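Residue-level structural notes
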Amino acid sequence: MGIGRRRPTAGATGTTRTTRAATAPKAAAGAARASGAARAAGVAAVALAVTAGTIGTAGAVGAAPDGDGDARRPGVNRLEGVWQTDGYGIVVEVHGTAFTTYDVTRISCTPGFYSGTQVGAPGRDGTVRYGQSGKAYASFSLTPRGHGRAVYQEDGAASARDLTRLPGGLPAQCRQPAPQDALATFDRFCATFEENYPFFAAKGIDWRAKGAQARAGITAQTGPDDLQKILVGLLEPLGDAHTALGRKRPGGGFAGVFGGLRPGTAEPTDEVREQAARAVAAQLLAPEQTFGRGLLGVGELPGGIGYLRVSGFDGYVEDGPYQDHAAELDRALDLLLAHPGRLNGVVVDLRLNGGGSDRLGLRIASRLTDRPFLAYRKVARNDPADPTRFTRPQPSVVRPAAGTTRYTGPVALLTAGSTVSAGETFTQAMAERRPAPVRIGENTQGVFSDIMFKPLSADFVAVLPNEKFLTRSGSTFDGPGIPPDVRTPVFTPEELSQGRDSALTEARRLLSAGRTGAADTAASTGAADTGDTGDTEATEATAVSATAGAGPR
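Anyway, here's the lowdown on the structure attached to this text. Small disclaimer: the values here were computed from a predicted structure and weren't measured. (Residues numbered from 1 in each chain as written. Predicted model: local features only at pLDDT ≥ 70, side-chain atom pairs only at ≥ 80, totals over all residues. Heavy atoms only, no water.)

1. Section: the packing of helix α2 (residues 182-196) against helix α5 (residues 224-235)
Using the following cut-off: Axis definition: a line fit to C-alpha positions, over the contact stretch in the case of helices; interaxial angles, taken between N-to-C directions, run 0 to 180 degrees. In this text, helices come from DSSP runs of H or I with a minimum length of four residues, and strands from runs of E with a minimum of two, each type numbered from the N-terminal end. Any angle that falls under 35 degrees is termed roughly parallel, while one over 145 is termed roughly antiparallel, one within 65 to 115 roughly perpendicular, and all others oblique. With the far helix as reference, a near helix turned anticlockwise by less than a right angle produces a left-handed crossing, and one turned clockwise produces a right-handed crossing. The contact criterion used is simple: two residues touch if any of their non-hydrogen atoms lie within 4.5 Å. Polar here means any residue outside two lists: the nonpolar Ala, Val, Leu, Ile, Met, Phe, Trp, Tyr, Cys and Pro, and the charged Asp, Glu, Lys and Arg; Gly therefore counts as polar.
It is at 11 Å that the axes of α2 and α5 come closest, and there the two elements cross at 15°. It follows from the interaxial angle that α2 and α5 lie roughly parallel. Crossing hand, α2 versus α5: right-handed. When α2 is examined against α5, the residues A182, T185, F186, F189, C190 and F193 are found in contact with a partner set consisting of L227, I230, L231, L234 and L235. Residues that form the contact of α2 with α5 fall into these classes: ten nonpolar, one polar and no charged.

See below:
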């Protein structure tokens, strides 16, 4: 999300998800979860529409003091001041109980997409909890880490963000309203992508040249409709389901007017989802029991095989903190794994998964292992002038769940082009499990990063990724997605017209035959791109070994 991939709520840092003030969420179920139509492009569009009133107004709040003051006293906010994120192009201002963000490029500074309000008093270590204005619960925290350093952590995120104090306070360009004309908006759009988007080289796109060509067509008479066409024309060739454009609605808020999609894939319709549910139900011994407002389903297949449908990694409760979503997921897992010794296999169906919280995916993985393992390492682009520079890789480790039932037998994962974002990071993480699951179906969508919401003007907001999720070898699956071990049709018109589900049938066959599936190197080969991994082997080893012995064996 925002850090994760769920629908954004004010009070994060901008990347999901997540997802909030310093980052925004990854593609997630968002408001579309109510209808079951959650998929990355549609999710981004819906997420925009439900965030009315979260964008700050033009202008700036006065800079807060820079010093730590009486930083060691409990109850004192040691975070008062202005901070810069490592990557993400975000400046954070903490002033009193308010948390405010600004999006910065080399040419601009605009009020950010999120704001938050302090919840409760600072902790003894200086940690301050924040949440969306008007909410009684917190959703993320800031923690001071030595002189001039701090860490941002969203509750549903699998990683954190580093912040550095800006001694000079709020940058001068953030203290004045930004120009709103078409040319200024276009220039902010181009700079935002040029300084943050990590995949231009992999997609063979000369962004600067494309931007210069499009810019020549903008005049003083260019209106919002024409500008929208120009911006969409630059986004479409990216074929990236984590890119989107939102436009101000007459009644307030933003509505999605464009959402990217990998060429060759299609967004499933409600009719397809209904037909798919019937095809799955035909193979279950009894109707699935649903949880999480219908996003989770638990059933039983012949031969002692458990079935878990995960249609999103967020939206399990109408409104509430991450902990409420996690509790609802646990209810589904408790039913699935009530008698793990009786299970001859487990099928996890991710084929219509619109994304959400990476941490909820890791939560499922923790119930499917008895030993810690490295899920992935995440990096974020952090040099506006150099697209090959990234933050130091941050490992995420799956730790065996303590005090509850776990299952360590064979697992099959069902994936498709409509397996998006957090659905993909879960798939990537599970490939490092031993025994590795067998993946059946189609390539996932190929978008892993948290997404950032970047206001361009009073009329437009852009959505884009800036991260890579690295495999153990330093590669990524961004673009083509994670391939299956066994390729089958997935909810094609031919299959649905006959009530067939070849992927589920194949999973049953392989699990019944005792196959555990993929080779040990499943997720470490065949990736589409390589990241700047740095010296990470020691970090990996430390991260995993530190969890050894966690939870009951």
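2. Concerning the sheet that holds strand β22 (residues 460-465)
Put simply, the test is: By the convention used here, strands pair only if DSSP detects at least 2 bridges between them.
Spatial strand order, β12-β11-β22-β21: four strands in an open sheet with antiparallel pairing. Two strands lie at the open edges of the sheet, namely β12 (254-259) and β21 (451-455), each paired on one side alone. This sheet shows a mean twist of 25° between the axes of neighbouring strands, independent of strand direction. Where strand β11 (residues 244-248) and β22 come together, four bridges link them in antiparallel fashion. Following the sheet pairing, A244 is matched in β22 by V463.

3. Digging into helix α8 (residues 358-366)
Applied cut-off: Only protein chains enter the accessibility calculation, which uses a 1.4 Å probe. A residue is then buried if its area is under 20% of the maximum for its type, exposed if over 50%, and partly exposed in between.
Counted residue by residue, α8 has seven buried out of nine residues, so it is predominantly covered. When we look at burial in α8, the residues that qualify are D358, L360, G361, L362, I364, A365 and S366. The inward-facing, buried residues of α8 contact β15 (305-310), α7 (322-336), β17 (373-380), β18 (394-398), α9 (422-430) and β23 (467-470).

4. Thoughts on the sheet that holds strand β20 (residues 438-441)
Pairing is mixed across the open sheet formed by seven strands, whose spatial order is β13-β14-β15-β16-β19-β20-β25. Only two strands of the sheet have a single neighbouring strand rather than two, namely β13 (289-291) and β25 (486-487). Across three bridges, the pairing between β13 and strand β14 (residues 296-301) is antiparallel. Pairing of T290 across the sheet is with G297, part of β14. On top of the sheet, α9 reaches β16 (345-349), β19 (411-415) and β20; it is set at about 150° to β19, its chief contact.

5. Topic: the packing of α8 against α9
Where α8 meets α9, the axes come as close as 9 Å, and the angle between the chain directions of the two elements is 35°. Seen along the crossing, α8 lies across α9 with a hand that is right-handed. Facing α8, whose interface residues are D358, G361, L362, I364 and A365, α9 presents A422, T425, F426, A429 and M430. Residue composition of the contact of α8 with α9, by class: seven nonpolar, two polar and one charged.

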